[in-house]
Amino acid sequence: MGATWGKDESGVLGTAEGRQSGSDLTGPWRISLRNYEVEPVGKSGPPPHIDRMPVGEKSVCDERFLGLLGGRLGEHAEQHEASVFGLLPDLTIGYLNPAWFRFARDNGGEEVSERWGLGAPVLEAMHGPVRALFEREYRLCFEKCRAWQHDYECSSPRVFREFHMDVFAIGGARGLLVINTLTAEHPHGSDRVAMKPEESLYLDEHGLILQCGYCRRIQRSDGSERWEWIPEWVENQPDNVTGGLCVPCYQTRFPSGSQ
Ligand SMILES: [Zn+2]
């Protein structure tokens, strides 16, 4: 299983108080604080950046990903203010940076961290045409050793959020580094009038609920192109949700020819 940057089996080498004074921190990159720990990752692993990372934050890294994050790249990923994750060739998560955990803590808590830890298949966070797009592009990044960038929405029931994603192939395309930069964040506007989760309005003839893969609005089952905002189903996604793509998201976010 994955190694944890920071899990120091040999014991605590520093304390939270020591972090402030710096006097108790010993050994290059071998630091363990009361709730915040950084362990060396081989000889080329990232430094701890103890002055920038709050107590309680740490990154995790799969053993297969460790060798890909040496030197400046690892330092960059560790320090990045954006949520950064690493992908292995089987499209499972191989690395999560401290900012990712900060965002998870602030926006979903332990449940998010546990569900999307090391080894989680990243595509399971998506469905429908959006999932197909991400799978195709991630695989092309591996196969062609190339980069990809994409804008997407990942809103909560109460807050609109938009991200810019940069994907880089690293280590000779043995892994992908995915940087998710928050580009917009504000309460939902008048285009997101909250509707009640009345299944009779949204269930199609197969008993499914069609949700846009970007904006997460739900299409009315009356045959119209009405896609409506149902916060309860964003908070707790029903099992019978299937992936779709509303017209505005198709036009603004989806690359032409991708469906
Ligand atoms: Zn949409």
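Fair warning: this is a prediction, and the values are worked out from it, not measured in the lab. Once a new chain begins, its residue numbering starts again from 1 and follows that chain's sequence as written. This being a predicted model, a pLDDT of at least 70 is required before a residue's local features are given, and a value of 80 or more before pairs of side-chain atoms are given or counted; all residues contribute to the totals for chains, interfaces and linings.

## Details of the overall build of the chain
Inference 1: Strands are runs of DSSP state E lasting at least 2 residues, helices are runs of H or I lasting at least 4, and numbering of each runs from the N terminus. Within the chain, the regular secondary structure consists of nine helices and twelve strands.
Inference 2: Here contacts are defined at the residue level, using C-beta atoms placed from the backbone and a cut-off of 7 Å between them. Considering only residue pairs separated by 6 or more positions, the chain has 55% of its internal contacts joining residues 24 or more positions apart.

## Let's talk about unusual backbone geometry
Across residues other than glycine, the phi torsion is negative in most instances, and most of the peptide bonds are trans.
Inference 1: Its identity as a non-glycine residue notwithstanding, A173 has a phi of 65°, on the positive side.
Inference 2: Of note, A173 is situated in the loop between β7 (159-170) and β8 (175-187).
Inference 3: You can call A173 partly exposed: it has 15 C-beta atoms within 10 Å.
Inference 4: Residue R216 is not a glycine yet carries a positive backbone phi of 65°.
Inference 5: Tracing the sequence through the fold places R216 in the loop between β9 (209-212) and β10 (218-219).
Inference 6: Three exposure classes are used, all based on how many other C-beta atoms lie within 10 Å of a residue's own C-beta (placed from the backbone): buried at 20 or more, exposed at 12 or fewer, and partly exposed between those limits. Looking at R216, the number of C-beta atoms within 10 Å reads 23, which means it is buried.

## Describing the environment of V60
Inference 1: Inspection of the secondary structure puts V60 in strand β3 (residues 60-61).
Inference 2: Through-space distance from the C-alpha of V60 to that of P98 is 8.2 Å; in sequence the pair is 38 residues apart.

## Let's talk about helix α6 (residues 128-144)
Inference 1: For α6, which comprises 17 residues, the first-to-last C-alpha distance of 24 Å matches the rise-based estimate of 24 Å (1.5 Å per residue) to within 8%.
Inference 2: Those residues of α6 that sit buried are V130, L133, F134, Y138 and C141. Relative to the axis of α6, the buried residues are bounded by an arc of 120° and lie together on one face. Of the exposed residues in α6, the ones pointing more than 90 degrees away from its buried face are E143 and K144.
Inference 3: The inward-facing, buried residues of α6 abut β4 (83-87), β6 (148-153), β7, β8 and β12 (241-244). One less than the residue count of a helix, multiplied by 1.5 Å, gives the span that helix is expected to have. Each C-beta atom gives one direction from the helix axis, and the arc is the one those directions make.

## Section: the pairing of β8
The side chains of a regular strand alternate, residue by residue, between the two faces of the sheet.
Inference 1: Strand pairing follows a simple DSSP-based rule, namely that at least 2 bridges must link the two strands. As defined by bridge partners, β4 adjoins β8 across five bridges and the pair is classed as antiparallel. Bridge pairing links G86 to L177 in β8.
Inference 2: Pairing of β7 with β8, which is carried by twelve bridges, proceeds in the antiparallel orientation. Looking across to β8, one finds that F160 is bridged to H186.
Inference 3: Between β7 and the antiparallel strand that follows it, β8, lie four residues; G171 among them carries a positive phi value of about 60°.

## A look at the sheet that holds β8
Inference 1: The six strands lie next to each other as β3-β5-β4-β8-β7-β6, forming an open sheet whose pairing is antiparallel. Only two strands of the sheet have a single neighbouring strand rather than two, namely β3 and β6.

## Focus on the confidence of the model for the chain
Inference 1: How sure the predictor is of each residue is captured by pLDDT, a score from 0 to 100. Overall, the predicted model of the chain reaches an average pLDDT of 79, with 74% of residues at or above 70.
Inference 2: A low-confidence stretch, residues 1-56 stays under pLDDT 50, and its non-local contacts, those more than four residues away or across chains, total 98 contacts.

## A word on the environment of V193
Inference 1: Topologically, V193 is positioned in the loop between β8 and α7 (199-202).
Inference 2: With 35 residues separating them in the primary sequence, V193 and E228 have C-alpha atoms 7.6 Å apart.

## Points about the pairing of β6
Inference 1: Examined bridge by bridge, β6 and β7 share six bridges and lie antiparallel to one another. Along β7, the bridge assignment pairs D151 with H164.
Inference 2: In textbook terms, the turn of a hairpin is the stretch between consecutive antiparallel strands, and for β6 and β7 this stretch comprises five residues.

## Looking at the nonpolar core
Inference 1: Of all hydrophobic cores here, the largest spans 43 residues; its most connected members are V84, F85, L87, L176 and V178.
Inference 2: Looking at this core element by element, the count peaks at five residues for α6.
Inference 3: Each domain's limits were defined by an automated method or a database of domain assignments. Split by domain, this core shows at least three residues from each of two domains, domain 1 (61-187) and domain 2 (199-252).
Inference 4: Every residue in contact with F85, bar those within four places of it in the chain, is listed here: I93, Y95, L96, W100 and V178. Nonpolar cores are built from buried Ala, Val, Leu, Ile, Met, Phe, Trp, Tyr and Cys residues. These are joined into a set through C-beta atoms within 7 Å.

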